[in-house]
Amino acid sequence: AARTEGLAEESTRLALSLAAAADAVQGGLAVELLGALANEVVAEEEATGAASPGRSGLRALAPAVLCALQALAPLSSSMCIGCLRALQAWLALNAGSSLASLYAGQGPLLAATLNALAAVNNEPLNLAAADALGELLTSTNSPLPASAPRGARDAAEAVAAQFGVLAREVRLAELLMSGEPADDRLFYFCRALCAFAERCVDLVAVTEGSLLPLVELLLLCAGGELRIAELSIDFWVGLQDTAVAQRHERLRAPLYRRLATLLLDKCTLPAEFTSWDEAAEDEEEFRRFREQSALEVLGACLSLLACEFIGQLQAMLQGSPPWQKLEAALFVLRGLHVQIKGALRGSAADGEGRPSAAAELQAALNQLLGFVFGQLAAWRPSGATLLVESAMRLVGAFAKWLQRDEALLRGCLRLVLEAVQAGGAPEHAAEAFRALCIHGRRRLASAAYLSELIGPCTALAGSAALASGVRLTLQEALARLVGAAPSPAEAEQLLHALVRAPCEQLAALLPHLPPSDGASVPPETAPRASDGSDGSRGSGGEAAATVASTQGVEEAVATQLALIGAAIRFSDTIQVGGGGSCAAHPVFAVLSYCWPLLQDASRRGGPSVLQALLELHGRAMGCLGGGLAPLLPSILEQIGTTFCRRPVVGALECLTQAIELYGESHEAPLSDTLERFVDAVCGWLASTAAPEAEPELLSAFFELCHRCLVFRPQLLLSLPCVASLFDAAAACVAHQEFQHTRAAITFLCLFLSGADAGNSNRQL
């Protein structure tokens, strides 16, 4: 019927003739047929993205269908469920039915739908009613702007009044305030209520009073359990679209005082909470509500109530409140940090230069933040993990504000390092440490303080008990401080302190990795971790244990190399004065110290080790630039040997960076390495049965070739294998994998443009 023009209309007329009999059996068939026809048309349009041929003629029949459903719905509970499902299907057609038209033309059907929400012990009927109303109240069916005509306003006011009656019938206030979980009937009622309120929020905002009881019902929902409170959020957000001055006076500050109290309470864990394993609350639901729903409305409360809202947060911190209330206050401060920092940056005077309300808000915010961070700077992180997590995230969010006070800054640094060591929320603590080092590096970069700080930090960065991501974050944070060291000599001393522990670990780990045989390994035959299905477990699992042991050592080696790379990452800011030689740069000295270990790692490492090593080389190039020239031939040899032995993306990226930096001064070694890469990849593409198996590798390869054409075209175009490269790129154009195909096309476009008349590389 959905695919044949006229058939859906004919079938609908048949269903209407059955419904006219007012017989339970024929009426049931009619309802089933009406719902199925509409659902088929909607499903067909969703599948094809175009109007269904079966849609023609249905719009004209929609009023007759609604009248038929209105007549059949009172026959029985099961018939009413069927009628509501059919109503939902016909509303999904967007055939011109709206809240106003239903109220004016099929009032009994609308009333039956609303009353079905309150039906006792009939969850299927409650659900069908909620679904039908949800479809009716979509923006395409029932737009209700503030300028809606009188008929739409009358319909909205009548439905709002009916919801008030039904709320008493389902005992909405009593059940939501009891603290007990809502049953399905109450949840479906609240779902329909909030959908209606959201749809007519513009009318509510400018009401003269008739729709204010609806707001009271929404406040009840906001104070209910989380899944019901979340239903009301879109209404409160939508209310912000109407300027405060245009709203009813009860929808201004008085409403937001109550709303702030309700939502701050919703953001606070129960007093008996100890851990998520034992909590009645679902962790994901609670976090989602706070982060995605409550904060948006609390931001509106801050905008409207200003100092009054700050006072509410201050009150939550006074005396000796339970940790749950402290955590909620810290969470809200962190969640609104962008808005708070914006208020602190704003002008503190009005147009005539007098102190304004903004100045009062800034003073209140600075006072609150000073109090909070003063307490945190003296706190020993312990107790509930969630409290520690919120404190760490707050410190990280306000790291820039903290740099104004050196005592607070250092106190918070101590706090976050202790939190990392305690293990309550190490990831968030490490991120907070990095933020403090970024924004406070000028205050912290004294040699004495850095020497005091670097010992415990390097111990944590070297701790195998911490995740590698945490350790790298700490190391990068310290590197920020080293980059701001007062002198190159002090920076070199600090860099050596940062890399000493990773180098010692490398020296201990590398002998446990067997040296490579140096053979070239194509991508499709590169060693992969075995899952035991190939028999590698062997008798007693010895082979699997060996593989697992080797993988563990490789991961540890890769982490140590990453720590060395993190240590030098921000050293490009170190200035060697007086025209000093490049060899005088602290990074050069540190690399020379590490070099024997790096060479050994390149001979022994697997893919993860080699990738980390190549990223380290890339960072060294970024720091030293031309200063790396003495080590460049050795690095290029490492890169070439590494790629031919184990093709990894890092080798291609590293060579790309080297060509951009050193293409003019080191053309010969770069040309040799580039030729090895091109020969290896083109040879593999010509021989493999699965040329699309390595999209990332091919993307990086063609990006390398493209960048070479941009920066040093003669380097690529003078290679003997350039014809093979062109053929390989042309072959990749026919591939299905988007990522590397696009890179190949980009390369070919630039390659072909070189043949244009007047191009300096035309002869090449």
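What counts, and at which threshold
Residues numbered from 1 in each chain as written. Predicted model: local features only at pLDDT ≥ 70, side-chain atom pairs only at ≥ 80, totals over all residues. Heavy atoms only, no water. Helix = DSSP H or I, 4+ residues; strand = E, 2+ residues; numbered from the N terminus. Rg over C-alpha atoms; globule rule 2.2 N^0.38 Å. Buried < 20%, exposed > 50% of the residue type's maximum accessible area, 1.4 Å probe, protein only. Axes fitted to C-alpha atoms, helices over the stretch in contact; angles between N-to-C directions. Parallel < 35°, antiparallel > 145°, perpendicular 65-115°, else oblique. Left-handed = near helix turned anticlockwise from the far one by under 90°. Contact = heavy atoms within 4.5 Å. Nonpolar A, V, L, I, M, F, W, Y, C, P; charged D, E, K, R; others polar. Core = buried A, V, L, I, M, F, W, Y, C linked by side-chain atoms within 4.5 Å. 1 Å grid on protein atoms, 1.4 Å probe; cavity = no way out; pocket = protein on both sides within 12 Å on 5 of 7 lines; lining within 4 Å. Points joined across faces, edges and corners; volume = space filled by probe spheres on them. Disulfide = S-S within 2.5 Å. Phe/Tyr/Trp six-rings, centres within 6.5 Å; stacked < 30°, edge-to-face > 60°. Lys NZ or Arg CZ within 6 Å of the ring centre and 35° of its normal.

What follows deals with the overall build of the protein. When helices and strands are tallied, the protein shows 38 helices and 0 strands. Its C-alpha radius of gyration of 35 Å places the protein more than 25% over the 27 Å reference for a compact globule of 764 residues. Seen along its three principal axes, the alpha-carbon backbone of the protein occupies a region of about 95 × 70 × 70 Å. The proportion of buried residues among the 764 residues of the protein is 48%.

Glancing now at the packing of helix H1 (residues 7-19) against helix H2 (residues 24-48). H2 packs onto H1 with a crossing angle of 155 degrees between their chain directions and a minimal axis gap of 8 Å. If you check the angle between H1 and H2, you find them roughly antiparallel. Note on packing geometry: the crossing formed by H1 with H2 is left-handed. Taking contact as the criterion, the partners of Ala8, Ser11, Thr12, Leu14, Ala15, Leu18 and Ala19 in H1 are, on H2, Gln26, Gly27, Leu29, Ala30, Leu33, Leu34 and Leu37. Looking at the contact of H1 with H2 residue by residue, the class counts come to 10 nonpolar, 4 polar and no charged.

Turning to the nonpolar core, a few remarks are in order. Counting 268 residues, the largest nonpolar core has Trp236, Phe309, Phe373 and Phe433 as its most contacted members. Apart from residues no more than four positions distant in its own chain, phenylalanine 373 is found in contact with Leu394, Val395, Phe398, Trp401, Leu402, Leu408 and Cys412.

On to the layout of surface pockets, then. The volume enclosed by the largest pocket comes to roughly 740 Å³. Forming the boundary of the largest pocket are 27 residues, of which Gly179, Glu225, Lys266, Pro270 and Glu281 lie nearest the centre. Among the secondary structure elements, those contributing two or more residues to the lining of the largest pocket are helix H9 (172-177), helix H13 (226-231), helix H15 (253-266) and helix H16 (283-305). Per element, the largest residue contribution to the lining of the largest pocket is 3 residues, and it comes from H15. Looking at side-chain class alone, the lining of the largest pocket contains 11 nonpolar, 6 polar and 10 charged residues.

Moving on to the state of the cysteines. In the structure shown here, the tally under the stated rule is 0 disulfides. Not part of a disulfide, cysteine 194 finds its nearest cysteine sulfur in cysteine 221, a span of 4.1 Å. Take cysteine 194: its relative accessible area is 2%, and that puts it in the buried class. Between cysteine 457, a cysteine without a disulfide, and cysteine 437, which holds the nearest cysteine sulfur, the sulfur-to-sulfur distance is 7.0 Å.

On to the packing of aromatic side chains, then. Under the definition given, this model contains 14 aromatic pairs. Ring-pair connections join several aromatic residues into one group, and the members of that group are Phe701, Phe702, Phe726, Phe747 and Phe751. Above the face of the phenylalanine 187 ring, arginine 227 is positioned so that its terminal group lies 4.3 Å from the ring centre. For arginine 290, the ring lying beneath its charged end belongs to phenylalanine 331, and the centroid distance is 3.9 Å.

With that out of the way, let us pick up the packing of H16 against helix H17 (residues 307-317). Look at H16 against H17: their axes get within 6 Å of each other, and the N-to-C directions meet at 120 degrees. In terms of orientation, H16 and H17 fall into the oblique class. Contacts from Leu298, Cys301, Leu302 and Leu305 of H16 reach H17 at Cys307, Glu308, Phe309, Ile310 and Gln312. Within the contact of H16 with H17, the residues separate by chemical class into 7 nonpolar, 1 polar and 1 charged.

The final tally for this structure, using the stated rule, is 2 cavities of 30 Å³ or more. Estimated volume of the largest cavity: approximately 70 Å³. Elements supplying a minimum of two residues to the lining of the largest cavity: H16, helix H18 (323-335) and helix H21 (385-397). Per-element accounting of the lining of the largest cavity gives the leading share, 4 residues, to H21. Of the residues contributing to the lining of the largest cavity, the split by class is 2 nonpolar, 1 polar and 7 charged. By volume, the second largest cavity is sized at about 50 Å³. Around the second largest cavity sit Thr458, Ala461, Gly462, Gln475, Ala497, Leu498, Ala501, Pro502 and Leu563, which together line it.

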